[in-house]
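These are the residues of each chain, in order.
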Amino acid sequence: MSTVDTTPASTLTPRQVRTVFVGLMVSLLLSSLDTTIVATALPTIAGNLGGLEHIAWVATAYLLTSTAATPLFGKLSDLYGRKALFRAAIVIFLVGSLLAGASQSFFQLVMARGVQGIGAGGLMAMSFVIIGDIVPPRQRGRYVGFLTSVFAFGSVTGPLIGGFFVDNLTWRWIFTVNIPIGIVAWFVTSVALRIPFNRRPHKIDFAGAALLVAGVTSIILMTTWGGKEYPWGSPRIIALGILGAVLVVAFCLWEQRAEEPILPMRLFRNRVFTISVAMGFFIGSALYSSDSFLPLFLQAVTGASATKAGLLLTPLMAGVTVSAILSGRLTARTGRYKHWPILGGTLAVTGMVLLAQIHAGISRGYVSLAMVILGAGLGMTMPTMTLAVQNSVDWKDLGVATSAVTFIRSLGGAVGLAAYGAVFGGRINRLAPELRRLVESPASIKALPEPTHGLVIHALAHAIQGVFVVAAPVMLIAWVISFFMPELPLRDTSALDRSKSDLGTAPALH
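Only a predicted model underlies this, so the values are computations on that prediction, with no experimental measurement involved. (Residues numbered from 1 in each chain as written. Predicted model: local features only at pLDDT ≥ 70, side-chain atom pairs only at ≥ 80, totals over all residues. Heavy atoms only, no water.)

Another point: the packing of aromatic side chains. Per the stated rule, a full pass over the model turns up four aromatic pairs. Look at F281 and F282: their rings are 5.5 Å apart centre to centre, the planes differ by 85 degrees, and that puts the pair in the edge-to-face class. Residue F282 is classed as partly exposed on the basis of its relative accessible area, which comes to 23%. Ring plane angle 50 degrees and centroid distance 5.5 Å describe the contact between F293 and F424, whose orientation is recorded as tilted. Of this pair, F293 sits in helix α11 (residues 271-301) while F424 sits in helix α16 (residues 398-431); the two residues are 131 residues apart in sequence, bridging distant segments of the chain. Accessibility expressed as a relative area gives 3% for F424, which makes it buried. Over the ring of W186 we find R87; its NZ or CZ atom is 4.7 Å from the centre of that ring. (Phe/Tyr/Trp six-rings, centres within 6.5 Å; stacked < 30°, edge-to-face > 60°. Buried < 20%, exposed > 50% of the residue type's maximum accessible area, 1.4 Å probe, protein only. Helix = DSSP H or I, 4+ residues; strand = E, 2+ residues; numbered from the N terminus. Lys NZ or Arg CZ within 6 Å of the ring centre and 35° of its normal.)

Pasting the structure below:
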């Protein structure tokens, strides 16, 4: 039985909705800012702590824990309320930031990024669930500008801040700068984030969560170690692959019998949900490959400073922002959305194909053009998938379905990034194994004399190009899937409207 407050209340007013969005935007800034700061400074961090060949692990640890945390936060918010879980995510994220800033070894940094990932998974899950709670799908496009402006601000200023710290202070500041932003986010959400909430008793599916985390970890380790630490045909890699497959199958079987599954298998009978998460898996893979390897290319190959590399990443995020705002507003006006993933997929594939042609002598203008096209495609596609899923599922499944979309996209990013890291490392080992000890940081590469300098940057360029050669057909798969997306009429009511209609009273504020 649901536990609700008996105090009458009406649907949130536009002013109340905007107030809630303030809390969401400040908190989302925390996540978006951190991602771009780290991406720009990562080559320098790896050079300082050692282990450029393991550069993908910093992002992989973050993605792995955020992936596992996303569905759990979605379920826990049904037990304790959106606000409590949202603030818990902020605290966890800030603890991880402090640990990352104090890291003295590459291993410590990877572990700290794992803690940050837990908090980031909660922030992303709660943000989109709350949006689904308070804004009807038909009107949601009008709010895309608010959210994308936050991502744009974080994406543009993040590289600049990160580059400034790397070039003038120390990379440790890229983590500790999260603290004041996190404090602001905490206080804003404490005051502003008061939305109606129906408290319903649930049993957390810890067994399912354990199976999922163990399975995903096995797969990530297989793709990360394969071809680098161990040969692909080695017993250890084969064992990890078999173990991962068995655990994922066990997870799916368990979820069919669990009382409160963290990922209900019945959702996959919904065609919109199935198509959206399939696209999200492949798009997430391509997105995180560009975020991780483009900064390395700009700094190590083209010789840009960390600050300038941040500026050079602006076209990617500008493309995402402009296209997301445009497609969101037109969706709100027309009520139609199916054409956006198809058009966006076309642009994203084109951008990836262009990036697959990069080499040591390529112009920065060419790279910027490819990033704009890729970003425009991603901006049209990703918000539409979440909107389509939230519009297609039952109201009682809104939270778990929304978090599942984010979860699958993050899973694709984690698996893809580990695989791309293996491609990158494999090409470096094959092309210039005797030069690996010289490739310690972008600064050390600049200081190399000719012809050694030329050999190193050509080897790096070839290795990074290989990442996009693999990512292009992955994005093509997502584009093909987009043609099968059904289009349903967008609802004119929110989850709050429906909950109050069903219950005949107002949910409690949390």
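Moving on from the model shown.
Let us now look at the pattern of salt bridges. Counting across every chain of the model gives one salt bridge. E487 is paired through a salt bridge with R336; the nearest N and O atoms lie 3.2 Å apart. Linking E487 in the loop between α18 (452-482) and α19 (495-503) with R336 in the loop between α13 (314-334) and α14 (339-355), this pair joins segments that are 151 residues apart in sequence. (Salt bridge = Lys/Arg side-chain N within 4 Å of Asp/Glu carboxyl O.)

This paragraph deals with the nonpolar core. Counting residues in each nonpolar core, the largest one holds 142 residues, and the members touching the most others are F297, V367, F424, I464 and M475. With 17 residues, the single largest contributor to this core is helix α1 (residues 14-49). Excluding anything up to four places from it in sequence, V367 contacts L294, F297, L298, L355, I358 and I362. (Core = buried A, V, L, I, M, F, W, Y, C linked by side-chain atoms within 4.5 Å. Contact = heavy atoms within 4.5 Å.)

What follows is about the side chain of R409. For R409, the location among the structural elements is in helix α16. Overall, the relative accessible area of 10% leaves R409 in the buried class. The residues touching R409, leaving out its near neighbours within four places in the chain, are G280, F281, G284, Y288, M382, M385 and T386.

Here we come to the side chain of T402. Examined against the element boundaries, T402 turns out to sit in helix α16. At 3.2 Å, the side chain of T402 forms a polar contact with the side chain of Q390. Sequence-distant contacts of T402, that is, excluding residues within four places in its chain, are made with F128, V129, T386 and Q390. (Polar contact = N/O pair within 3.5 Å; in protein donor to acceptor, adjacent residues only side chain to side chain.)

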